[in-house]
Amino acid sequence: MSEMKAARLDPELAAALGPIARQEIRRPKIGDIAARRRQMDRLTQLALLAPAVPGVVTVSRPVVGHDGEPVPATWYLPAARPMIGSGAASLYLHGGGMVTGSVAMYDRILRVYVARSAVPILAVDYRLAPEHRHPTPVYDALAGLTAIHDNALTYGIDRDRIAVMGDSAGGGLAAALTHLTRERGGPSISHQILIYPMLDDRTDPPPHHPSAAFHRWTLADDVTGWDALLGDLRADPNLPAWAAPARASDYGGLPPAYLEVGDLDLFAEQDLTYAARLLGAGVPVEFHLHPGAPHAFDLLAPAAGVSQRAMADRVRVLRSL
């Protein structure tokens, strides 16, 4: 990593990402989903070696997809919380660019959220593209949200205090779900927590974009993910917002939003634009642009100060529900 590149990164992130950058071999080409899945499998194996997080219990309970098929899902519950009362809850959708990823990859971070906030979370292993193109992933997310509403009494949940939350592709699906449920008139969503969300299938930065050298999720990755999810629908000028949220023309009536992204992320500009459009429609927005942070900075360097601050903000928002 050159001095010029290192100077733009947050110093703690630079120290953590340097060894990772030296280990990387060749990035997969556009359309090579198998290679991207092999990379994610390796990251998942490393994630599973992380120290245990006490105070959280899990219950595996599939949800029913729109086609009647079972979709794996896991409840993360605070061990000390009685199953009575009228508390908040959240749906969680994992990252992975629509083509990779799993709840297992995010198991530890989910346990941290629940242990620190005492808010139950249902994490859905939505089906991936290209085997399952749009609308299956967002419909799987809808099935998870419906399951929280249906099990509200069992888990002591107030149906008016249910959030949707996700990282990267999962953040995009969480945003898409707010448009879909507004169109359908429910189930209700009280808040959307979008962590460097993947929102716009039309992302096309110039070749010499100032942050291009730092993109952990590259333009080639993005093209691969959106092509897999949408196929020929990408050419449709009337693609609905619940397929690609940045396509929305109407942001009114959406739930209050927490949105964060690093300024060295491919998604920085689209996320900033999306937050501004929510704000312009009268939606309450809390937005964080983290200086010197690339995509998935918190997963790659969880001990860094910026990662700790981001985690504290997310937990604060969960508690506020």
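Residues numbered from 1 in each chain as written. Predicted model: local features only at pLDDT ≥ 70, side-chain atom pairs only at ≥ 80, totals over all residues. Heavy atoms only, no water.

1. Focus: the packing of helix α5 (residues 136–150) against helix α6 (residues 169–184)
Packing of α5 against α6 brings their axes to within 10 Å, and their N-to-C directions diverge by 70°. Taken together, the axes of α5 and α6 lie roughly perpendicular to each other. Each of Pro137, Val138, Tyr139, Ala141, Leu142 and Leu145 in α5 lies in contact with α6, whose residues at this interface are Leu173, Ala176, Leu177, Leu180, Thr181 and Arg184. (Axes fitted to C-alpha atoms, helices over the stretch in contact; angles between N-to-C directions. Helix = DSSP H or I, 4+ residues; strand = E, 2+ residues; numbered from the N terminus. Parallel < 35°, antiparallel > 145°, perpendicular 65-115°, else oblique. Contact = heavy atoms within 4.5 Å.)

2. Focus: the pairing of strand β5 (residues 87–93)
With 7 of its 7 residues buried, β5 lies for the most part within the structure. Where β5 lies against strand β7 (residues 157–167), 6 bridges are found, and the strand directions are parallel. Each residue of the ladder has a partner; that of Gly87, found in β7, is Ile157. Considered for its hand, the β-α-β crossover made up of β5, helix α4 (residues 107–117) and strand β6 (residues 121–124) is right-handed. (Buried < 20%, exposed > 50% of the residue type's maximum accessible area, 1.4 Å probe, protein only. Pairing = 2+ DSSP bridges. Right-handed = clockwise from strand over helix to strand, strands pointing away.)

3. A short note on a nonpolar patch on the surface
A cluster of nonpolar side chains, contributed by Leu43, Leu46 and Leu49, occupies part of the molecular surface with about 330 Å² of accessible area. Considering the arrangement of structural elements, one finds Leu49 in the loop between α3 (33–47) and β1 (56–60). (Patch = residues over 30% accessible without salt bridge, like charges linked within 9 Å, V, L, I, M, F, W, Y side chains within 5 Å. Areas by Shrake-Rupley, 256 points an atom, 1.4 Å probe, with all protein chains shown as cover. Salt bridge = Lys/Arg side-chain N within 4 Å of Asp/Glu carboxyl O.)

4. Topic: the pattern of salt bridges
Per the counting criterion, the structure on display carries 14 salt bridges. Note that Asp221 and Arg36 form a salt bridge whose closest N and O atoms lie 2.8 Å from each other. Note that Asp221 is positioned in helix α7 (residues 219–230) and Arg36 in helix α3, a separation of 185 residues in sequence. A single burial state applies to Asp221 and to Arg36, both of which are buried. Note that Arg111 is salt-bridged to Asp107, the shortest N-O span being 2.9 Å.

5. Concerning unusual backbone geometry
Of note, the bond from Ala129 into Pro130 is cis; its omega dihedral lies within 30 degrees of zero at 5°. Here Pro130 is to be found in the loop between β6 and α5. With an omega dihedral of -5°, the bond running from Gly186 to Pro187 counts as a cis peptide bond. You can see Pro187 is positioned in the loop between α6 and β8 (191–195). In the Ramachandran plot, Ser168 falls in the positive-phi region, its phi being about 55° despite a non-glycine side chain. As for its position among the elements, Ser168 is in the loop between β7 and α6.

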